[in-house]
Amino acid sequence: KLRDLPIWLNQAATTLQEIADEVAHFAVSPALGFVAVDYLQLVRTTGRESRRLEVEAVSAGLKALALRYRIPVVCASSLARGGKSKDGDRASRRPTVDLLRESGELEHDADVILLLHREFKAAETLCTVAKNRDGRVGDVRLLFRADWVAFDEAADREAL
């Protein structure tokens, strides 16, 4: 499905300004469908005295790009390592919005926040729609397809 689509990958744009320049270049023709940033904590800015302020600036800058060019910006972010779950297993703890790494501004700037959780080597994955400005929140079951590094909706399509 994606073979004939105009897709550009750029690993050289590592600062917010470089990403903004690329978006400005490609936003003219053909029109961009969306921008994906993998991942927020690798994007750098200049002149910030703390990592938290730098992450906040990147978050705000990506939001500004989305609004300026009227395109969705999908941005992956790492989570802070949380405490142990009730059973004492750190890996089985479901992620929450408060674990977004290095800044509470990520939650503020985002229109939608999806949190993925699956046990090691398991196919079933829990996708938590933790924030959705224009829709519902809740949990959805997905199946991870390792051979394609993709997710499919679970057959029962029921919310957990």
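What counts, and at which threshold
- Residues numbered from 1 in each chain as written.
- Predicted model: local features only at pLDDT ≥ 70, side-chain atom pairs only at ≥ 80, totals over all residues.
- Heavy atoms only, no water.
- Salt bridge = Lys/Arg side-chain N within 4 Å of Asp/Glu carboxyl O.
- Buried < 20%, exposed > 50% of the residue type's maximum accessible area, 1.4 Å probe, protein only.
- Axes fitted to C-alpha atoms, helices over the stretch in contact; angles between N-to-C directions.
- Helix = DSSP H or I, 4+ residues; strand = E, 2+ residues; numbered from the N terminus.
- Parallel < 35°, antiparallel > 145°, perpendicular 65-115°, else oblique.
- Contact = heavy atoms within 4.5 Å.
- Nonpolar A, V, L, I, M, F, W, Y, C, P; charged D, E, K, R; others polar.
- Phe/Tyr/Trp six-rings, centres within 6.5 Å; stacked < 30°, edge-to-face > 60°.
- Lys NZ or Arg CZ within 6 Å of the ring centre and 35° of its normal.
- Core = buried A, V, L, I, M, F, W, Y, C linked by side-chain atoms within 4.5 Å.
- Pairing = 2+ DSSP bridges.
- Arc of directions from axis to C-beta.
- Polar contact = N/O pair within 3.5 Å; in protein donor to acceptor, adjacent residues only side chain to side chain.

Q: How should the pattern of salt bridges be read in this particular structure?
A: Between side chains of opposite charge, a pair can form when the charged atoms approach closely. Counted under the stated rule, the structure contains seven salt bridges. As a salt-bridge pair, Asp-152 and Arg-145 come within 3.2 Å of each other at their nearest N and O atoms. Relative accessible area serves as the criterion here: at 33%, Asp-152 is assigned to the partly exposed category. Using a relative accessible area of 32% as the deciding quantity, one classes Arg-145 as partly exposed.

Q: What is the right way to look at the packing of helix α1 (residues 16-26) against helix α2 (residues 51-69) in this model?
A: A pair of packed helices is characterised by two quantities: the angle between their axes and the separation of those axes. In the contact formed by α1 and α2, the axes pass within 10 Å of each other and the chain directions differ by 10°. The angle between α1 and α2 places the two elements in the roughly parallel class. Here Leu-16, Ile-19, Ala-20, Val-23 and Ala-24 of α1 come into contact with α2, specifically with Ala-57, Val-58, Gly-61, Leu-62, Leu-65 and Tyr-69. Residues belonging to the contact of α1 with α2 are distributed by class as follows: ten nonpolar, one polar and no charged.

Q: What am I meant to see in the packing of aromatic side chains here?
A: Within a pair of aromatic rings, the relevant descriptors are the distance that separates the centres and the angle that separates the planes. Under the criterion given, the structure shown has two aromatic pairs. Their ring planes at 50° and their centres at 5.2 Å tell us that Phe-144 and Phe-151 sit as a pair that is tilted. Residue class for Phe-151 comes out partly exposed when judged on its relative accessible area of 35%. Against the face of Phe-144 rests Arg-118, its NZ or CZ located 4.0 Å from the ring centre.

Q: Any chance you could explain the nonpolar core here in plain terms?
A: Most often, soluble globular proteins keep nonpolar side chains buried together rather than apart. Ile-19, Val-23 and Leu-62 are the most contacted members of the largest nonpolar core, which has 22 residues in total. Only α1, β1 (35-38), α2 and β3 (112-117) provide two or more residues apiece to this core. Per-element accounting of this core gives the leading share, five residues, to α1.

Q: What is the right way to read the sheet that holds strand β6 (residues 150-153) from this model?
A: Across a sheet, paired strands are connected by hydrogen bonds in the backbone, their directions being either parallel or antiparallel. Spatial strand order, β3-β4-β5-β6: four strands in an open sheet with antiparallel pairing. Every other strand in the sheet has two partners, leaving β3 and β6 as the edge strands with one partner each. On average, each strand axis in the sheet is inclined to that of its neighbour by 40°, with strand direction left out of account.

Q: Explanation requested: α1 in the structure shown.
A: Three or more residues of α1 are buried, namely Leu-16, Ile-19, Ala-20, Val-23 and Phe-26. Seen from one end, α1 has its buried residues packed into an arc of 140°, which puts them on one side. Away from its buried face by more than 90 degrees, α1 exposes Gln-17 and His-25. For α1, the secondary structure elements touched by its buried residues are β1 and α2.

Q: Could you clarify how one ought to interpret the side chain of Gln-41 in this entry?
A: Relative to the helices and strands, Gln-41 resides in the loop between β1 and α2. Separated by 3.1 Å, the side chain of Gln-41 and the backbone nitrogen of Ser-78 make a polar contact. Gln-41 has contacts with Arg-51, Ala-76, Ser-77, Ser-78, Arg-101, Glu-102 and Leu-106, leaving out every residue within four places of it along the chain.

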